[in-house]
Structure formats: structure tokens, C-alpha cells
Amino acid sequence: MNDVKKMYIDGEWVVSASGQTRDTINPATGRVLATVTEGTAADVDRAVAAARQAFDEGPWGTTPAGARAALLFKLADLVEANGEELGALETSDNGKPLRETAYDVADTAACLRYYAGLITKPTGQTYEVADPMQAMVVREPVGVCGLIVPWNYPLLMATWKIAPALAAGNSIVFKPSELTPLTAIRLFELIEEAGFPKGVANLVLGAGPVVGARIAEHMDIDKIAFTGGTKTGRAIMTAATGNLKKISLELGGKSPCVVFEDADLETAVDWALFAIFANQGQVCSAGSRLLLQASIHDQFVERLVERAKQIRVAPGDSEGVEMGAMISEAHMEKVLSYIKIGKAEGATLKCGGHRLTENGLGEGFFIAPTIFADTTPDMRIVQEEIFGPVLAVQKFTDEADAIALANHTIYGLAGGVFTNDGARALRFIKKLRAGITWINAYHPTYNEAPWGGYKQSGIGRDLGTFGLDGYTEVKQININLAPGPVGWFEA
């Protein structure tokens with residue numbers, strides 16, 4: 001078992017209680033990258049016990065904010081120092097191009113520094129109340145937090161949750177996707193090197209239905225934070241009712257990218273491509289529905305298809321690559337099945353729509369950038385999250401029609417609008433039922449701004465001050481400045 005990558009529980013690198021392992025696959029080649037230990041419910045129990053001990057009785061519960069910040073700053077420096085290694089590891093495990101993982105690693109370090117700085121800033125409130133009382137509100141850590149993240153941004157999604165949770169003074173049990181555990185393992189090696197006390201940060205590897213389910217239902221976990229599919233989010237909500245643990249859920253999306261006739265065509269085409277084909281379309285906030293005003297529809301689609309056909313699809317470490325592989329063979333087949341559904345529903349396939357196998361790509365899991373036109377609002381490819389490089393183009397007549405179409409899904413995660421009319425842009429965004437929006441742009445993300453959605457796209461927010469608040473409890477403190485009998489009862 002010496003070559004098996006391990007979990008990190010209570011300050012020790014350990015194998016699963018079951019002794020089982022799992023191979024992690026390079027999606028660009030289909031070959032085994034590494035063998036990792038496969039966690040069980042018993043391993044979750046061990047990790048929770050360690051986290052509980054560290055929070056309730058260990059030094060972490062009394063570690064001042066400045067000391068927690070220093071550890072996070074040190075971790076950020078270590079991430080930066082090992083950035084090239086982390087980026088290459090992420091590309092091989094996830095499939096995305098190196099230029100994207102470089103951004104992810106840089107943003108990871110920035111996120112750690114953001115929360116390290118934020119946690120030492122003024123917080124709480126005081127109130128002027130009737131003499132002789134003084135009232136105040138303070139924020140305290142929730143306790144033990146279970147953190148579960150997906151495979152599309154393994155390192156970055158991990159940090160979005162780990163950084164504010166640890167900054168606030170919580171202990172954590174973290175589960176990465178079983179498809180992409182390698183950068184999480186390396187991150188926890190850096191957490192150990194940074195000097196976090198044992199039991200504060202615990203890593204449990206394994207499958208969602210086993211490890212994730214146990215985290216969600218565990219009675220000694222005080223909060224669960226999850227990013228992933230809406231179906232799994234519902235299951236986590238149900239499991240969390242056992243002890244009414246706090247939850248934050250960042251779930252699915254079917255987000256609109258809306259282009260009015262007055263927008264600059266080349267600019268909007270460029271952003272529309274980025275909105276859907278960045279990270280192979282495996283983005284919860286992807287602009288997977290392109291809404292075009294009727295007067296520019298044909299010209300726009302023609303140019304969009306021309307550009308999409310030129311996208312360079314290759315393994316993520318190839319020179320000049322612009323789009324990489326799907327995360328797994330199973331997910332590739334799921335995306336291809338949606339393409340078949342789109343054809344059967346009567347949508348017009350304008351480009352792509354097939355697996356790429358030439359030039360050695362057949363060893364991996366690659367799909368050509370795919371665009372459907374002539375769609376209708378009731379089509380499954382318009383309503384359901386495909387999570388791949390598949391774009392559904394819709395046509396609208398005017399502003400009211402665009403709003404109606406944009407809001408016509410169960411999701412409300414993100415959306416963007418392109419227009420040179422500033423008033424119309426803001427009118428549109430204010431009516432869009434989504435939590436993350438852009439005007440004349442799509443996808444830029446900032447650690448300082450909250451991330452999350454409306455409707456079935458989730459509950460709560462990651463990032464920003466809102467993300468930190470989600471890892472705290474609010475306590476009211478009332479102080480009698482003139483202690484003495486209350487005198488309520490005569491005798």
C-alpha cells in the first residue's frame with residue numbers, strides 16, 4: 001500500500017478502514033494516474049471525532065483570529081510556491097487546459113489571502129438600549145463543518161469552502177470528488193506543512209453515496225457546504241434534517257447569455273463562446289442558453305459556428321490547446337446522449353455533436369464544440385443541465401420576450417446580457433432571477449463577491465463577506481452594567 005495515496009485524518013496520513021482503493025484516470029488519455037485509498041463511513045466517523053476534539057477541546061477553539069490568519073497566509077504562500085506542480089496535477093486529473101489551471105491556482109492563493117485578511121477586520125455590532133443594559137452581537141464559529149466539492153474546479157472549489165471555514169475558526173471534514181482527488185491531497189500536504197493543529201483539517205476520500213452521505217447525515221457535524229448537482233443537493237437537505245445542521249448548497253444552472261441587436265457582434269460572439277466552451281462547458285454557471293434577438297439571429301449564429309469550428313481541442317498539456325477533455329467516459333456518454341436528445345427533439349445541429357477521435361483523441365474523452373439552433377423552450381436540451389460543450393440557441397423578439405425566456409427554467413444561478421443601452425442592460429439584470437450576473441461580459445469571478453443562485457440553483461452563498469458569514473453563528477450578548485435585584489416579584 002506504499003504507493004497508494006492516503007487520507008489525512010487527525011494529523012496523520014492513513015488508508016481506508018476497508019483497505020479498498022480506487023484508480024483515478026487521466027481523462028485525456030484514459031490511463032491510470034494514481035491509486036488512492038477509498039474511504040468509508042467509518043473513516044468519516046474517525047475524521048468527525050478528530051474535528052470535534054480539535055474544536056471542542058483542542059487549541060483551535062481558542063486560537064485568535066490573527067494566528068488563524070497567519071496560517072492561511074502561510075498556506076497561500078505554499079500554494080503559490082508549488083503553483084506549477086498544482087496546475088499540472090489539476091490538468092492531468094481533470095482534463096482542462098494548463099492555462100485554465102494556472103488561473104485556478106492563482107485564484108486559490110488569492111482566496112486564501114482574502115479570508116486571511118478579512119477575518120482580522122472589525123465585526124459584530126453594539127446597540128444603545130435602555131440603561132443599565134449594554135447589548136452587543138458577536139459572530140462565532142459554527143463548529144465542525146462538512147465540505148463536499150465537485151470535480152470541475154477541484155482545487156478552487158476546495159479553497160472557496162476551506163478558506164472561510166478555517167478563517168472563522170471551524171474545524172473541517174473535507175471530501176473532494178472521487179474523480180479528482182489529487183490536488184486535494186496535495187493541498188492537505190501543504191496544510192500540514194503550514195502547521196495547522198492536528199484534527200483541524202481532515203481529508204476523507206471516497207464516493208459520494210458513501211462518504212458524502214455519511215457527512216450529510218452525521219449528528220456531530222454542525223454545517224454542511226456542498227457544490228454539485230441539484231438532485232444531490234436535495235438528498236443532502238434531507239439527510240441534514242437529522243440534527244438540523246446548517247446548510248449551504250451551490251447547485252445546478254441553465255444560465256442565459258442574452259444578446260440584443262445593438263450589441264457589437266464580434267464582442268458578443270467572443271464572449272458567447274467563452275460562456276459555454278470554457279472548461280469544456282463543465283461549469284455550473286455556463287452560458288448554456290444563448291438568447292439572440294431575431295434581427296441578428298442568423299448572422300450571429302453563422303459567425304458563432306464559424307468560430308466554434310476553429311476551437312483547438314486537445315489534451316490539456318498540449319501546445320495551443322483551447323478546450324480539453326470531458327471528466328470521464330461516463331460523463332462524455334451522458335453529454336453525447338443529450339446531443340441525441342436534441343436531434344430527436346427537432347433542434348438543428350449547426351456544428352459538433354460528436355466524439356473526437358482523430359489525432360489520438362480517441363484514447364481520451366473529447367467532444368467537439370456543439371451548437372443547436374431552432375430550439376423551443378420546452379426542449380430538454382433547453383431546460384436540463386447538460387454540463388458539457390453543448391449550446392442551445394433561442395430567438396427572442398423584444399425585451400419582455402427575452403426576460404420571459406431567460407427566466408423560464410427551474411434554475412437561477414447566473415446570466416449575462418450584451419447591449420449598448422445601459423438603461424436596458426440594468427432593467428434586464430434587475431428582472432433576471434439569478435444570483436450571479438454580468439453586463440457585456442460573462443464568467444469573471446471575484447473572491448470579494450458572493451457566489452450562489454436563486455430557485456433550484458441553491459441556498460446560501462460562497463465567497464465575499466457572505467461566504468464567511470455562512471461559517472459563523474450569531475450570538476446576542478446583553479450585559480447589566482448595574483447588577484442588582486430585578487424586583488419583579490414583591491416577596
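Residues numbered from 1 in each chain as written. Predicted model: local features only at pLDDT ≥ 70, side-chain atom pairs only at ≥ 80, totals over all residues. Heavy atoms only, no water.

The next point concerns the sheet that holds strand β5 (residues 125-127). In space, the three strands of this open sheet follow the order β5-β6-β22, with antiparallel pairing throughout. The two strands at the open ends of the sheet, each matched to only one other strand, are β5 and β22 (472-480). Each strand of the sheet is rotated relative to its neighbour by a mean of 20°, with strand direction disregarded. Both strand β6 (residues 133-141) and β22 contribute to a ladder of nine bridges, which runs antiparallel. Pairing of Ala135 across the sheet is with Asn478, part of β22. (Pairing = 2+ DSSP bridges. Helix = DSSP H or I, 4+ residues; strand = E, 2+ residues; numbered from the N terminus. Axes fitted to C-alpha atoms, helices over the stretch in contact; angles between N-to-C directions.)

By size, the foremost hydrophobic cluster in this structure holds 122 residues, and its most contacted members are Phe196, Leu290 and Phe300. Ranked by the residues each element gives to this core, the list is headed by helix α5 (residues 154-167), at ten residues. Among residues more than four places away in sequence, those in contact with Phe300 are Val259, Leu265, Ala268, Val269, Ala272, Leu290 and Leu292. Formed by 17 residues, the second largest nonpolar core is a distinct cluster that contains Met326, Ile339, Ile367 and Ile386. (Core = buried A, V, L, I, M, F, W, Y, C linked by side-chain atoms within 4.5 Å. Buried < 20%, exposed > 50% of the residue type's maximum accessible area, 1.4 Å probe, protein only. Contact = heavy atoms within 4.5 Å.)

On to helix α14 (residues 422-431). Among the residues of α14, those classed as buried are Arg424, Ala425, Phe428 and Ile429. Angular distribution of buried residues about the axis of α14 spans 130°; they occupy a single face of the element. Opposite the buried face of α14, at more than 90 degrees from it, the exposed residues are Gly422 and Lys430. Against β12 (256-259), α13 (399-406), β18 (414-418) and β19 (436-439) lie the buried residues of α14. Regarding α14, its N-cap is Asp421, as a side-chain oxygen of that residue lies 3.2 Å from the backbone nitrogen of Ala423 further along. (Arc of directions from axis to C-beta. Polar contact = N/O pair within 3.5 Å; in protein donor to acceptor, adjacent residues only side chain to side chain.)

Let us look at the packing of helix α1 (residues 41-56) against helix α7 (residues 208-217). At a minimum axis distance of 8 Å, the contact between α1 and α7 shows a crossing angle of 40°. On the basis of the axis angle, α1 is oblique to α7. Remark: the crossing between α1 and α7 carries right-handed chirality. Here Ala41, Val44 and Asp45 of α1 lie close against α7, whose contacting residues are Val210, Val211, Arg214 and Ile215. Looking at the contact of α1 with α7 residue by residue, the class counts come to five nonpolar, no polar and two charged. (Parallel < 35°, antiparallel > 145°, perpendicular 65-115°, else oblique. Left-handed = near helix turned anticlockwise from the far one by under 90°. Nonpolar A, V, L, I, M, F, W, Y, C, P; charged D, E, K, R; others polar.)

A separate point is the packing of aromatic side chains. What describes a pair of aromatic rings is the distance from one ring centre to the other and the angle between the planes of the rings. The final tally for this structure, using the stated rule, is eleven aromatic pairs. Ring centres 4.8 Å apart and planes at 45° place the aromatic pair Tyr8 and Trp13 in the tilted group. Pairing Phe174 with Phe188 gives two aromatic rings, centres 5.9 Å apart and planes at 25°, and the pair type is stacked. With a gap of 14 residues between them, Phe174 in strand β8 (residues 171-175) and Phe188 in helix α6 (residues 182-194) connect regions that are remote in the sequence. Exposure class is identical for Phe174 and Phe188. Each is buried. Across from the ring centre of Tyr153, 3.7 Å away, lies the NZ or CZ of Lys96, which sits over that ring. Over the aromatic face of Tyr471 sits the side chain of Lys223, whose NZ or CZ is 4.8 Å from the ring centroid. (Phe/Tyr/Trp six-rings, centres within 6.5 Å; stacked < 30°, edge-to-face > 60°. Lys NZ or Arg CZ within 6 Å of the ring centre and 35° of its normal.)

With that settled, the discussion passes to unusual backbone geometry. Each neighbour pair has its own omega, and for Asp131 with Pro132 the value is 5°, a cis peptide bond. Inspection of the secondary structure assignment puts Pro132 in the loop between β5 and β6. The backbone of Leu244 sits at a positive phi, close to 50°, despite the residue not being glycine. Among the structural elements, Leu244 can be located in the loop between α8 (230-240) and β11 (246-250).

Quick look at the packing of α13 against α14 now. Look at α13 against α14: their axes get within 10 Å of each other, and the N-to-C directions meet at 30°. Relative to α14, the element α13 is oriented roughly parallel. For the crossing formed where α13 meets α14, the hand is right-handed. Of the residues in α14, those touching α13 at Glu399, Ala402, Ile403 and Ala406 are Arg424, Arg427, Phe428 and Lys431. Of the residues assigned to the contact of α13 with α14, the class counts are four nonpolar, no polar and four charged.

As a further point, take the pattern of salt bridges. Scanning the entire structure with this criterion turns up 23 salt bridges. Between Asp43 and Arg46 there is a salt bridge, and its shortest N-O distance comes to 2.6 Å. Of this pair, Asp43 and Arg46 both sit in helix α1, three residues apart, roughly one helical turn. Given the relative accessible area of 36%, Arg46 is considered partly exposed. What emerges from the salt-bridge pattern is a single network uniting Asp45, Arg214 and Glu217. (Salt bridge = Lys/Arg side-chain N within 4 Å of Asp/Glu carboxyl O.)

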